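Residues per chain, in single letters:
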Amino acid sequence: MTEPLQASAAWLERYDRSLLGVFGRPQLVLEHGNGAWVWDVDGRRFLDLVGGIAVNALGHNHPALVAAVSKQAGQLVHVSNFFTSVPQVELAERLLSLAAAPEGSAVFFCNSGAEAVEAGIKLARRTGRTGILAAEGAFHGRTTGALALTHKPAYREPFEPLIPGVTHVPWGDADALRAAVTEETSAVVLEPVQGEAGVRRGDPAYLQVAREVTAAAGALLLLDEVQTGVGRTGSWFAFQQAGVVPDAVTLAKGLGGGVPIGALVTFGPQVSRLLGPGQHGSTFGGNPLACAAGLAVLDTIDAEGLLEHARQAGEHLERRVLGLGHPEVTGVRGAGLLRAITLAGDHAPAVVALARDAGFLVNAVAPDAVRLAPPLVVTTEQLDLFVDALPGLLDAATTPEDPS
Ligand SMILES: *Cc1c(COP(=O)(O)O)cnc(C)c1O
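It should be emphasised that the depicted structure is a prediction, and the values quoted were computed from it without experimental measurement. (Residues numbered from 1 in each chain as written. Predicted model: local features only at pLDDT ≥ 70, side-chain atom pairs only at ≥ 80, totals over all residues. Heavy atoms only, no water.)

Q: Help me understand the sheet that holds strand S15 (residues 360-361) in this model?
A: Strand pairing in a sheet is mediated by backbone hydrogen bonds. Such pairs are either parallel or antiparallel. If you walk across this open sheet you meet the four strands as S1-S2-S3-S15, and the pairing is mixed. On the outer flanks of this sheet lie strand S1 (30-34) and S15, each paired with one strand and no other. Bridging between strand S3 (residues 45-48) and S15 involves two bridges; their strand directions are parallel. Looking across to S15, one finds that Leu-47 is bridged to Phe-360. (Pairing = 2+ DSSP bridges. Helix = DSSP H or I, 4+ residues; strand = E, 2+ residues; numbered from the N terminus.)

The structure is reproduced here in structure tokens:
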């Protein structure tokens, strides 16, 4: 018999000695999963309500994803962009169709969210203008181009100077946006729901104003749906709920169900022609393995009715959490299965640690907000397990330490 947590402790010690310390010490050493459940190397089981930060759309070990990746691995994993493959063309066509993108629209494949944003920045530069507007609170990734659009000073400032021309405007303030867009603006870049800023949903009216003012100024509207895309908010893309048609959309997190893939979707021939031969590229981007994973994710969301399920499960969660009537809960934000439970005090880190000890994985997206971005296949019964435990977690997190 091994001592409890003995394996975890040993692996974490080896982690500390071999991994760059940019993430701090990981909380767990995970070994395998099934649906919304994951197990660590000491055999402890957790309900995964983080979903790899909105990535594991189909949960863990979904048979459709396992089969698609296994089959493709036995055919072709990679071919370079001198060549194409059936999964690449099929996934591009599927994305354009799900986005209801007009004739002449196009897809560029890459490997991550930040890379998709980088492609968007280069697209914007090809307008001949250099100004970019992003929102306060925005998160667009960590590569140096995307980082310039990310708002959080602690992420940005150690690496300045970054690309020039980026201005951050107050999130959700239509008048501020109107005033900031000029003939120098190449693009306005917004998340339909700000994920990392605490799951803050943009008012449809705000996104509509963004569409109007960019169109009037000849600037692009680039929506960063790396976190909100691929069913997360209960529609294929969050922009569809706002009733706007953007000029470009970035995708990544949920698209491969955990297999790395990113995409920039450009809308219409005029925008799509901004980047021509030789002007962008990626060695791994669009390889058949990642594209087969993407197709399996899209097929399964369709076959299992996961858009409708994400809507209903998200509403169920909101209703149940608010129904607790707990004094520490001030609200539930977000859409579909991208949610934050907001708290009266800065107790989210304590709640997250207590939840982990109780077998639930959630994330403190802000000091006063607990994020849930579970697999889209999570059941309402599984969500209820967490909601039933929540009052006890909140009580324990907010009880002052006994001074004696
Ligand atoms: C996570 C995220 C990114 C960055 O994605 P990476 O794959 O980590 O590079 C960019 N934009 C948004 C909205 C995100 O949530």
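Q: Which parts of the structure should I look at to understand the packing of aromatic side chains?
A: One pair of aromatic rings is described through two measures. These are the centre distance and the angle between the planes. Using the criterion set out here, one finds six aromatic pairs in the structure. With a centroid separation of 6.1 Å and 80 degrees between ring planes, the pair formed by Phe-139 and Tyr-155 is classed as edge-to-face. Taken together, the residues Phe-139 in the loop between strand S5 (131-135) and helix H6 (144-149) and Tyr-155 in helix H7 (residues 153-156) connect sequence positions 16 residues apart. On the basis of relative accessibility, which here comes to 19%, the residue Phe-139 falls in the buried class. Judged by relative accessible area, Tyr-155 falls into the partly exposed class, the value being 24%. Aromatic pair Phe-239 and Phe-267: ring centres 5.8 Å apart, planes at 85 degrees, arrangement edge-to-face. Of this pair, Phe-239 sits in helix H10 (residues 239-242) while Phe-267 is found in the loop between strand S12 (262-266) and helix H11 (268-272), placing the two residues 28 residues apart along the sequence. By the ring-pair criterion, three or more aromatic residues cluster together here, those being Phe-237, Phe-239 and Phe-267. (Phe/Tyr/Trp six-rings, centres within 6.5 Å; stacked < 30°, edge-to-face > 60°. Buried < 20%, exposed > 50% of the residue type's maximum accessible area, 1.4 Å probe, protein only.)

Q: I tried to follow the sheet that holds strand S14 (residues 338-343) on my own but got confused; where do I start?
A: Here four strands make up an open sheet; going across it, the order is S13-S14-S17-S16 and the pairing antiparallel. Bordering the open sheet on either side are strand S13 (329-335) and strand S16 (363-366), each of which pairs with just one other strand. Geometrically, the sheet is characterised by an average inter-axis angle of 30 degrees between neighbouring strands, direction not taken into account. Judged from the three bridges that link them, S16 and strand S17 (residues 369-372) form a sheet pairing that is antiparallel. Following the sheet pairing, Asn-363 is matched in S17 by Arg-371. (Axes fitted to C-alpha atoms, helices over the stretch in contact; angles between N-to-C directions.)

Q: So what exactly am I meant to see when it comes to a nonpolar patch on the surface here?
A: Side chains of Leu-20, Val-22 and Phe-23 sit close together on the surface and give an oily, nonpolar patch of about 410 Å² of accessible area. Following the sequence through the fold, Leu-20 ends up in the loop between helix H1 (6-18) and S1. A relative accessible area of 67% places Leu-20 in the exposed class. (Patch = residues over 30% accessible without salt bridge, like charges linked within 9 Å, V, L, I, M, F, W, Y side chains within 5 Å. Areas by Shrake-Rupley, 256 points an atom, 1.4 Å probe, with all protein chains shown as cover. Salt bridge = Lys/Arg side-chain N within 4 Å of Asp/Glu carboxyl O.)

Q: Help me understand the domain arrangement of the protein chain, please; the structure alone is not making it clear to me.
A: When the parts of a complex come together, some accessible area is lost, and that lost area is often used as the size of the interface. Looking at the protein chain, the domain boundaries give domain 1 (6-61 + 305-398) and domain 2 (76-303). The gap between the C-alpha centroids of domain 1 and domain 2 is 26 Å. Listed per partner, the contact involves 25 residues of domain 1 and 26 residues of domain 2. Summing the contributions of domain 1 and of domain 2, the shared interface buries around 2100 Å²; its carbon and sulfur component is 60%. Broken down residue by residue, the surface that domain 1 buries against domain 2 is led by Leu-58, Leu-307 and Leu-338, which jointly contribute 27%. In this structure, the connection of domain 1 to domain 2 is made through one salt bridge. We note a salt bridge from Glu-196 to Arg-371, for which the minimum N-O separation is 2.7 Å. (Domains from an automatic or database assignment. Contact = heavy atoms within 4.5 Å. Buried area = accessible area lost by both parts, 1.4 Å probe.)

Q: Please clarify how the pattern of salt bridges should be interpreted in this entry.
A: If charged atoms from side chains of opposite charge come close, those side chains can pair. Considering all chains together, one arrives at 12 salt bridges under this definition. We note a salt bridge from Glu-13 to Arg-17, for which the minimum N-O separation is 3.1 Å. In this pair, Glu-13 and Arg-17 are both assigned in helix H1, four residues apart and thus about one turn of the helix distant. Taking the relative accessible area as the measure of exposure, Glu-13 reaches 45% and is therefore partly exposed. A relative accessible area of 63% means that Arg-17 is categorised as exposed. The salt bridge involving Arg-25 is made with Asp-16; its shortest N-O contact spans 2.8 Å.

Q: Can you walk me through helix H9 (residues 204-217) in this structure?
A: Within an α-helix, residues lying three or four positions from one another point in the same direction, as the helix has 3.6 residues per turn. Look at H9: 20 Å from first C-alpha to last across 14 residues, which is about the 20 Å you get at 1.5 Å a residue. All of the buried residues in H9 are Tyr-206, Leu-207, Val-209, Ala-210, Arg-211, Val-213, Thr-214 and Ala-217. In this structure, the buried side of H9 is in contact with strand S6 (166-169), helix H8 (174-180), strand S7 (185-190), strand S10 (220-224) and H10. Where H9 begins, one side-chain oxygen reaches toward the backbone nitrogen of Ala-205, 3.0 Å away; that side chain belongs to Asp-203. One or two residues past the end of H9 sits Gly-218, with phi positive at roughly 75 degrees. (Expected span 1.5 Å × (residues − 1). Polar contact = N/O pair within 3.5 Å; in protein donor to acceptor, adjacent residues only side chain to side chain.)

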